[in-house]
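# Results of the structural survey
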Amino acid sequence: MSDHAGPAQAGPDHAGSVLCRLLIGHPDVVDIEILGQTEILEGITSYSLGVLLPGGRELYIDVEDAPAAPPGG
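In what follows, the accompanying structure is described. Only a predicted model underlies this, so the values are computations on that prediction, with no experimental measurement involved.

All right, on to the overall build of the chain then. Within the chain, the secondary structure is distributed over one helix and three strands. A burial count over the chain gives 21% of its 73 residues as buried. Within the chain, residue pairs in contact and separated by at least 24 positions form 26% of the contacts whose partners lie at least 6 positions apart. Of the accessible surface of the chain, which amounts to about 5,700 Å², a share of 56% is contributed by carbon and sulfur atoms.

So, about the nonpolar core. In terms of nonpolar packing, the biggest core is built from seven residues, these being Cys20, Val29, Ile32, Leu49, Val51, Leu53 and Ile61. Excluding residues within four positions of it along the chain, valine 29 makes contact with Leu23, Ile24, Val51 and Leu52.

On to the sheet that holds strand β2 (residues 44–52). Pairing is antiparallel in the open sheet, where three strands are placed in the order β1-β2-β3. Two strands in the sheet have a free side with no partner beyond their single neighbour: β1 (31–41) and β3 (58–65). Strand after strand, the sheet turns through a mean of 20 degrees between neighbouring axes, direction not considered. Note that β2 and β3 share eight bridges and pair antiparallel. From the neighbouring strand, serine 48 faces β3, where its bridge partner is aspartate 62. Sitting on the sheet, helix α1 (residues 15–24) touches β1, β2 and β3, and the angle it makes with β3 is about 140 degrees.

Calculation rules
Residues numbered from 1 in each chain as written. Predicted model: local features only at pLDDT ≥ 70, side-chain atom pairs only at ≥ 80, totals over all residues. Heavy atoms only, no water. Helix = DSSP H or I, 4+ residues; strand = E, 2+ residues; numbered from the N terminus. Buried < 20%, exposed > 50% of the residue type's maximum accessible area, 1.4 Å probe, protein only. Contact = heavy atoms within 4.5 Å. Areas by Shrake-Rupley, 256 points an atom, 1.4 Å probe, with all protein chains shown as cover. Core = buried A, V, L, I, M, F, W, Y, C linked by side-chain atoms within 4.5 Å. Pairing = 2+ DSSP bridges. Axes fitted to C-alpha atoms, helices over the stretch in contact; angles between N-to-C directions.

Okay, structure coming up:
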C-alpha cells in the first residue's frame, strides 16, 4: 500500500517481463512462468523463467537486469 494519494505510476519494465512479452508471441511457446528473482548486487536483478514448449518440454532461462553502462565506458 502506498503512503501517498494519487494515481499509481508503473515502474520501468524489468528484463524478465520484457523477455516474457517477446517470447509469448512465438508460436512454439505454450506458457511462461517466472520461477524466481534474486538481487545479485545492488541494482542487478536476476530473473529465472520456465518456458513451456510443445510436447511437454521446458526451457529454463536466467536473465539479468542491470543498469546500462555509461556511454564510452
